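# Architecture at a glance
As a plain string of letters, each chain reads:
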Amino acid sequence: MVTEVHSDAVAISAELTELRRAIHREPEIGFELPRTQEKVLAALDGLPLEITTGRALTSVTAVLRGARPGQTVLLRGDMDALPVTERTGLAYASQVDGAMHACGHDLHTAMLAGAARLLSSRQPELSGNVIFMFQPGEEEGGGARVMISEGVLDAAGSRPVAAFGLHVASSLLPFGIYSARDGTMLAAADTLEITVHGRGGHGSQPHRADDPIPAACHIVTALQTLVTRRFDVFDPVVITVGSFHAGTASNVIPDEAELAVTVRSFSPAARAAVQDAALRLVRDIASAHGLSATAEFVDGYPLTVNNSGEVAVAERAVTELFGSQRFLRTPDPITGSEDFSYVLEQVPGAFIMLGACPPGADPATAPFNHAAEAVFDDAVLADGATLLTELALRRLAAG
Ligand SMILES: [Zn+2]
Ligand SMILES: [Zn+2]
């Protein structure tokens, strides 16, 4: 059974590669991915699946009902690309200006379609249901949350007992290595928006104005100090002021300074603490300068938290299928974030990274996800489809 799934996956790997490259050539961004949805529906055509498509987004939800009753497992693949102009020089590079599958979601889509094929052919011996969640809008907008609101978790009639998502990496992880950890797998990523309100004037007479720029500069440096003085090094936060805008000319004091800050955290406690401390710090520094500031946190994706039992299921599957050297228990969470977090808030599961570093490239230095030069080796597709399939089979067999 174990090797049978893998050999079946290898047998369809040419088709999976073709699907992946077709999606790669024609990347689409955001919630509206009609061409990608078309390709997914074509790949699922003829399989014994109940298929529904999204209303607010071009999602595809496919349900496979096993011949025997049982529990439900959810498998997820995201489908959206990024606003990046591809510079890989690949034969199947993006043909759409300003759009690229730079995060490997084209591989996720192909692997999930592969798992749908492999599991469909096992329908007669399957006890329970599998939900295949083909999701737009991961990079921005939280498509997973929209699919949840449109009912993906209830698509089979009973809530999934486990949910799994795979994510490829073009570097850092060597090719074919699966990686996960218990608990926090990815950060929560929130945005802090700040406006320091001053009073404009002539640059030669700053005492007759209220200059927001020095106060805003203090806020930037104080936020960096906050990281080291207020937070445990073993439960850290990341604060980056990515945008700082004020003023128009050297001799004009502006009315306002605007900052946008990404704030990442790895525990609910640190997330709450950093929000509280950062807001207070911004307001009090402005006030110390005789100014005022408005500051607001805009919630981004929450923590992606893996269930230790489901990580153990994945580790066992990888070890038995591919060998123990193929599974890495990563000591550290990833500082990126994921909207699969919304699924894992409701269903125990695991989000697993998969190395797809191309041959000849050094994982330590190869361009990482989101880079215009990032290359993902699609030789990994059969293995990825195998693991998704096995996770569903093993989880349903466990009852
Ligand atoms: Zn991404
Ligand atoms: Zn991604």
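Because the structure is predicted, anything quoted here is derived from the model rather than measured. (Residues numbered from 1 in each chain as written. Chains lettered and ligands numbered in written order. Predicted model: local features only at pLDDT ≥ 70, side-chain atom pairs only at ≥ 80, totals over all residues. Heavy atoms only, no water.)

### A word on the overall build of the protein
How we decide: Each helix is a run of H or I in the DSSP string that is no shorter than four residues. Each strand is a run of E no shorter than two, and both are numbered from the N terminus. Between the two quantities, the radius of gyration covers C-alpha atoms and the globule rule is 2.2 Å times the number of residues to the power 0.38. Between buried and exposed lies partly exposed: a residue is buried under 20% and exposed over 50% of the maximum accessible area for its type, with that area taken using a 1.4 Å probe on protein chains only.
Each helix and strand counted, the protein has 10 helices and 16 strands in total. Over its C-alpha atoms the protein spans a radius of gyration of 24 Å, differing by no more than 12% from the 21 Å that the globule rule assigns to 399 residues. Counting only C-alpha atoms, the protein reaches 80 × 40 × 40 Å along its principal axes. Out of the 399 residues in the protein, the part that is buried amounts to 54%.

### A look at the packing of helix α2 (residues 13-25) against helix α3 (residues 34-44)
Stated precisely, the cut-off is as follows: Only the stretch in contact is used when a helix axis is fitted, and all axes are lines through C-alpha atoms; the angle between N-to-C directions ranges over 0 to 180 degrees. Here the word oblique covers every angle except those under 35 degrees (roughly parallel), over 145 (roughly antiparallel) and from 65 to 115 (roughly perpendicular). Handedness of a helix crossing follows the sense of rotation of the near helix relative to the far helix, less than a right angle counterclockwise being left-handed and clockwise being right-handed. In this analysis, two residues are considered to be in contact whenever any of their non-hydrogen atoms come within 4.5 Å of each other. Residues are sorted three ways: Asp, Glu, Lys and Arg are charged, Ala, Val, Leu, Ile, Met, Phe, Trp, Tyr, Cys and Pro are nonpolar, and all the rest, Gly among them, are polar.
Remark: α2 packs on α3, axes separated minimally by 10 Å, with the N-to-C direction vectors making an angle of 165°. Classed by the angle they form, the pair α2 and α3 counts as roughly antiparallel. Like other packed secondary-structure pairs, α2 and α3 cross with a definite hand, here right-handed. Seen from α2, the contacting residues are Leu19, Ala22 and Ile23; seen from α3, they are Thr36, Lys39 and Ala43. Split into classes, the residues belonging to the contact of α2 with α3 amount to 4 nonpolar, 1 polar and 1 charged.

### Brief notes about the coordination of the zinc ion (ligand 2)
We apply this condition: Because no water is among the atoms considered, metal sites can look incomplete, with donors defined as N, O and S atoms within 2.8 Å of the metal, or 3.2 Å for Na, K and Ca.
At 2.1 to 2.5 Å from the zinc ion (ligand 2) lie its protein donor atoms, namely Cys103 (SG), His105 (NE2) and His167 (NE2). Donor residues for the zinc ion (ligand 2), ordered by position in the chain, follow C-x1-H-x61-H. A distance of 3.1 Å spans the gap from the zinc ion (ligand 2) to the zinc ion (ligand 1), which cysteine 103 bridges by coordinating each metal. Placement of the pair is histidine 105 in helix α4 (residues 105-120) and histidine 167 in strand β5 (residues 162-169), with a sequence separation of 62 residues. Taking the relative accessible area as the measure of exposure, histidine 167 reaches 6% and is therefore buried.

### Considering the sheet that holds strand β13 (residues 292-298)
The condition is simple: Between any two strands, at least two bridges found by DSSP are needed for them to pair.
Read across the open sheet, the 4 strands follow the order β10-β12-β8-β13; overall the sheet is antiparallel. In this open sheet, the two strands that pair with only one neighbour each are β10 (237-246) and β13. Here the average twist between neighbouring strands, direction ignored, is 20°. Note: strand β8 (residues 188-197) against β13, 7 bridges, orientation antiparallel. Residue pairing across strands places threonine 195 opposite threonine 294, the latter belonging to β13. Docked against the sheet, helix α6 (residues 212-230) engages β8, β10 and β12 (256-265), running at close to 170° with respect to β10. Of the strands in this sheet, β8, β10, β12 and β13 are in contact with helix α7 (residues 268-288), which crosses β13 at around 165°.

### Comments concerning the pattern of salt bridges
Cut-off, in case you're wondering: Counted as salt bridges are all cases of a side-chain nitrogen of Lys or Arg within 4 Å of a carboxyl oxygen of Asp or Glu.
Scanning all chains against the criterion turns up 24 salt bridges. Salt-bridge contacts for arginine 21 lead to aspartate 378; the nearest nitrogen and oxygen are separated by 2.9 Å. Remark: aspartate 378 occurs in the loop between β16 (349-355) and α10 (381-398) and arginine 21 occurs in helix α2; sequence separation between them is 357 residues. Exposure remark for arginine 21: the relative accessible area of 29% places this residue in the partly exposed category. Residue aspartate 378 is classed as buried on the basis of its relative accessible area, which comes to 7%. Ionic pairing is found between arginine 87 and glutamate 373, a salt bridge with its closest N-O pair at 2.7 Å. One end of the pair, arginine 87, is in the loop between β3 (68-78) and α4; the other, glutamate 373, is in the loop between β16 and α10, with 286 residues separating them in the sequence. According to the relative accessible area criterion, glutamate 373 is partly exposed, its value standing at 33%.

### Details of the coordination of the zinc ion (ligand 1)
How we decide: Geometry is assigned from donor-metal-donor angles: four donors are tetrahedral when every angle falls between 85 and 135 degrees, four are square planar and six octahedral when opposite donors sit over 155 degrees apart with all other angles between 65 and 115, and any other arrangement is irregular.
Taken together, Cys103 (SG), Glu139 (OE), Glu139 (OE) and His370 (NE2) make up the full set of protein donors to the zinc ion (ligand 1), lying 2.0 to 2.7 Å away. One way to put it: the 4 donor atoms around the zinc ion (ligand 1) meet at angles of 52 to 150°, and that makes the site irregular. Positions of the donor residues of the zinc ion (ligand 1), expressed as sequence spacing, correspond to C-x35-E-x230-H. We classify histidine 370 as partly exposed; its relative accessible area is 39%.

### As for the packing of α3 against α4
At a minimum axis distance of 10 Å, the contact between α3 and α4 shows a crossing angle of 20°. Judged by the inter-axis angle, α3 sits roughly parallel to α4. The interaxial crossing formed by α3 with α4 has right-handed handedness. Facing Val40, Ala43 and Leu44 of α3, the residues of α4 in contact are Thr109, Ala113, Ala116 and Arg117. Counted by class, the contact of α3 with α4 contains 5 nonpolar, 1 polar and 1 charged residues.

### Quick look at the side chain of lysine 39
Residue position: lysine 39 is located in helix α3. Once residues lying within four places of it in the same chain are set aside, the contact partners of lysine 39 are Leu19, Ala22, Ile23 and Glu26.

### Things to note about α4
Since the α-helix advances by 3.6 residues per turn, residues separated by three or four positions end up pointing in the same direction. Selection rule: Each residue after the first adds 1.5 Å to the expected span of a helix.
Under the 1.5 Å per step criterion, the end-to-end length of α4 is 22 Å for 16 residues, consistent within 8% with the ideal 22 Å. With 15 of its 16 residues buried, α4 lies for the most part within the structure.

### A look at the packing of aromatic side chains
Operational definition: Aromatic rings from Phe, Tyr and Trp, with only the six-membered ring used for Trp, were paired whenever their centres fell within 6.5 Å, and each pair was classed as stacked if the ring planes differed by under 30 degrees, edge-to-face if by over 60, and tilted otherwise.
Here the structure, examined in full by the defined rule, presents 3 aromatic pairs. Ring geometry for tyrosine 301 versus tyrosine 342: centroids 6.0 Å apart, planes at 80°, classification edge-to-face. Remark: tyrosine 342 occurs in helix α9 (residues 340-346) and tyrosine 301 occurs in the loop between β13 and β14 (304-306); sequence separation between them is 41 residues. In this structure, tyrosine 301 and tyrosine 342 share a single accessibility class: buried. When the centroid spacing of 5.8 Å and the interplanar angle of 40° are considered together, the rings of phenylalanine 340 and phenylalanine 351 count as tilted. On the criterion of sequence distance, the pair formed by phenylalanine 340 in helix α9 and phenylalanine 351 in strand β16 is long-range, its members being 11 residues apart. For phenylalanine 340, a relative accessible area of 0% gives the class buried. The class for phenylalanine 351 is buried, based on a relative accessible area of 1%.

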